[in-house]
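For reference, the chains in residue letters:
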Amino acid sequence: MKRRWRRWRGIEVSPAMGRSITMKHNDKIIYAICVKDVQNVAEEHLGRELIDKEVSFVEDRIGDYIDWYGAISSVLNDLNHKKLK
């Protein structure tokens, strides 16, 4: 999975901005998903790109399916194991 800067909290963040986004440290975007990512999965899964209305549907609902807490917890566990080695 490729990591790119995306739309987050209603803010458009372009790949050209990279990691040098000027924000408070606690508001820094760590990971996000862009429409191109959704379209790539749609191509593989459905054999076609989504129309704008379908993209909006995915945009409205995708957060309901992502286990952010679990993902962060898993990474923190990896961090702890790395420190112990």
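Here the structure is shown first, and the text comes after it.
This is a predicted model, so every value here is computed, not measured. (Residues numbered from 1 in each chain as written. Predicted model: local features only at pLDDT ≥ 70, side-chain atom pairs only at ≥ 80, totals over all residues. Heavy atoms only, no water.)

What to know about helix H1 (residues 35–46)
Right, on to step 1. A rise of 1.5 Å per residue sets the reference length of H1, with its twelve residues, at 16 Å; its end C-alpha atoms lie 15 Å apart and thus fit the reference within 8%.
Right, on to step 2. Buried residues along H1 sit in contact with helix H2 (52–61).
Right, on to step 3. With its phi angle positive at about 80°, glycine 47 sits one or two positions after the end of H1. (Helix = DSSP H or I, 4+ residues; strand = E, 2+ residues; numbered from the N terminus. Expected span 1.5 Å × (residues − 1). Contact = heavy atoms within 4.5 Å.)

A closer look at the environment of glutamate 49
Right, on to step 1. In this fold, glutamate 49 is placed in the loop between H1 and H2.
Right, on to step 2. Taking the C-alpha atoms as reference points, glutamate 49 and glutamine 39, ten residues apart in sequence, are found 5.4 Å from one another.
Right, on to step 3. When residues no more than four places from it in sequence are discounted, the contact partners of glutamate 49 are Gln39, Glu43 and Glu54.

Description of the pattern of salt bridges
Right, on to step 1. This structure, assessed with the given rule, holds one salt bridge.
Right, on to step 2. Residue arginine 48 is joined to glutamate 54 by a salt bridge in which the shortest nitrogen-to-oxygen separation is 2.8 Å.
Right, on to step 3. What makes arginine 48 partly exposed here is its relative accessible area of 36%.
Right, on to step 4. On the basis of relative accessibility, which here comes to 25%, the residue glutamate 54 falls in the partly exposed class. (Salt bridge = Lys/Arg side-chain N within 4 Å of Asp/Glu carboxyl O. Buried < 20%, exposed > 50% of the residue type's maximum accessible area, 1.4 Å probe, protein only.)

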